[in-house]
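# Architecture at a glance
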Amino acid sequence: MEVPRTAMVVTPHPDDAEISCGGTVTNWIRQGASVYYVLCSDGSKGTDDPEMTPERLAKIRYREQLEAAKTLGVKEVVALGYPDGELEDTREFRGHLVRALRRFRPEVVICPDPYRRSFYFHRDHRIVGQVTQDAVFPYARDRLHFPEHEAEGLVPHKTGTLMFWGPEEIETYVDITESMDLKAEALKCHRSQLGGLSEDENVGWLRRWCAEMGKKAGFEYAEGYRVVRFRT
Ligand SMILES: [Zn+2]
């Protein structure tokens, strides 16, 4: 896997990016890449604490996400602020992603895989994957889509590679052995999401999962993707 100069991660909820691609992001940043996050929802449903309110949780999770992104060296987090669980495939949402693509001009975009048949996943992840793919191709590429961006000084952008995390069948493994510790540190920033686990148990789960993927590729730790390439 080549190292991009610029990459953009589209994450449904705070913590998904660290869990799914934090090691890949760390590898690239260490090799000089600029990485940007677009955080789509506010994560305001992610609790079983009876005292918690969505408003308070959204603030906590935004802070946690900024801290995690800073830990990895992410340059900027654009928070779209949609309510957790309520993402829809709309022109407005697609437009936000197209604007971010035209602004950051990434060579590589990472997002959740929207296509699965054999196991469940979160509706927000499905929608983020789908809307991101559409935003990359063809909406960000064609100037007559979202022509209002021209007035902001933004021009069309072609992304070369789309990497989907969480595919049913992994096609590309990224060796994250050197980045596993920092990925784990970034996960620790999401303190509201421990769900009754201790910090060590939580990180332990992440390490075991990445080691499991690593085993299939001959690495100590790995992250796995389905990769789609576009003509640029
Ligand atoms: Zn999520």
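All values reported here derive from a predicted model rather than from experimental measurement.

### Notes on the overall build of the protein chain
Across its full length, the protein chain holds 6 helices and 7 strands. Going from the N terminus to the C terminus, the protein chain shows its helices and strands as β-α-β-α-β-α-β-α-β-β-α-α-β. Taking 232 residues into account, the globule formula puts the C-alpha radius of gyration at 17 Å, and the protein chain, at 17 Å, falls close to it. With 232 residues in all, the protein chain has 44% of them scored as buried. If you take every contact in the protein chain between residues at least 6 apart in sequence, the share linking residues at least 24 apart comes to 79%.

### Re unusual backbone geometry
Only a minority of non-glycine residues have a phi that is not negative, and only a minority of peptide bonds are not trans. A cis amide bond, omega 5°, links Phe-137 with the succeeding residue Pro-138. The phi torsion at Asp-15 lies on the positive side, around 100°, for a residue other than glycine. Mapped onto the fold, Asp-15 is located in the loop between β1 (6-11) and α1 (16-30). A positive phi angle is found at Phe-146, which is not glycine, with a value near 50°. Mapped onto the fold, Phe-146 is located in the loop between α4 (123-139) and β5 (161-165).

### Section: helix α3 (residues 91-104)
Along an α-helix, residues three or four apart share an orientation, since each turn contains 3.6 residues. The first and last C-alpha atoms of α3 sit 20 Å apart over 14 residues, in line with the 20 Å expected at 1.5 Å per residue. Listing the buried residues of α3 in full gives Phe-93, His-96, Leu-97, Val-98, Ala-100, Leu-101, Arg-102 and Phe-104. Where α3 is buried, its residues meet β1, β2 (34-41), β3 (76-82) and α4. Downstream of α3 by a residue or two, Arg-105 has a phi angle that is positive, lying close to 55°.

### Description of the nonpolar core
Core analysis: the biggest nonpolar cluster contains 56 residues, and Met-8, Val-9, Val-10, Leu-97, Leu-101 and Ile-110 have the highest contact counts within it. With residues near it in sequence (within four places) discarded, Met-8 still touches Tyr-36, Val-38, Ala-100, Leu-101, Phe-104, Pro-106 and Val-109.

### Considering α4
Helix length check: α4 (17 residues) gives 22 Å between terminal C-alpha atoms against 24 Å at 1.5 Å per residue, within 8%. Where α4 is concerned, the buried positions are Asp-124, His-125, Ile-127, Val-128, Gly-129, Val-131, Thr-132, Gln-133, Ala-135, Val-136 and Tyr-139.

### Remarks on the packing of α1 against helix α5 (residues 180-188)
Helices that pack against each other are described as a pair by the angle of their axes relative to one another and the distance between those axes. For the pair α1 and α5, the least separation of the axes is 9 Å and the interaxial angle reads 140°. What the angle tells us is that α1 and α5 run oblique. Classified by chirality, the crossing of α5 by α1 is right-handed. Listed contacts from α5 to Glu-18, Ile-19, Gly-22, Gly-23 and Thr-26 of α1 are Met-180, Leu-182, Lys-183, Ala-186 and Leu-187.

### Digging into the pairing of strand β4 (residues 108-112)
For β4, the tally of buried residues reaches 5 of 5 residues, placing the bulk of the element in the interior. Inspection of the sheet shows β4 paired to β5 by 5 bridges, in the parallel sense. Each residue of the ladder has a partner; that of Val-109, found in β5, is Leu-162. One crossover worth recording links β4 to the parallel β5 by way of α4, and it is right-handed.

Definitions and limits used
Residues numbered from 1 in each chain as written. Predicted model: local features only at pLDDT ≥ 70, side-chain atom pairs only at ≥ 80, totals over all residues. Helix = DSSP H or I, 4+ residues; strand = E, 2+ residues; numbered from the N terminus. Rg over C-alpha atoms; globule rule 2.2 N^0.38 Å. Buried ≥ 20, exposed ≤ 12 C-beta atoms within 10 Å, placed from the backbone. Contact = placed C-beta atoms within 7 Å. Expected span 1.5 Å × (residues − 1). Core = buried A, V, L, I, M, F, W, Y, C linked by C-beta atoms within 7 Å. Axes fitted to C-alpha atoms, helices over the stretch in contact; angles between N-to-C directions. Parallel < 35°, antiparallel > 145°, perpendicular 65-115°, else oblique. Left-handed = near helix turned anticlockwise from the far one by under 90°. Pairing = 2+ DSSP bridges. Right-handed = clockwise from strand over helix to strand, strands pointing away.

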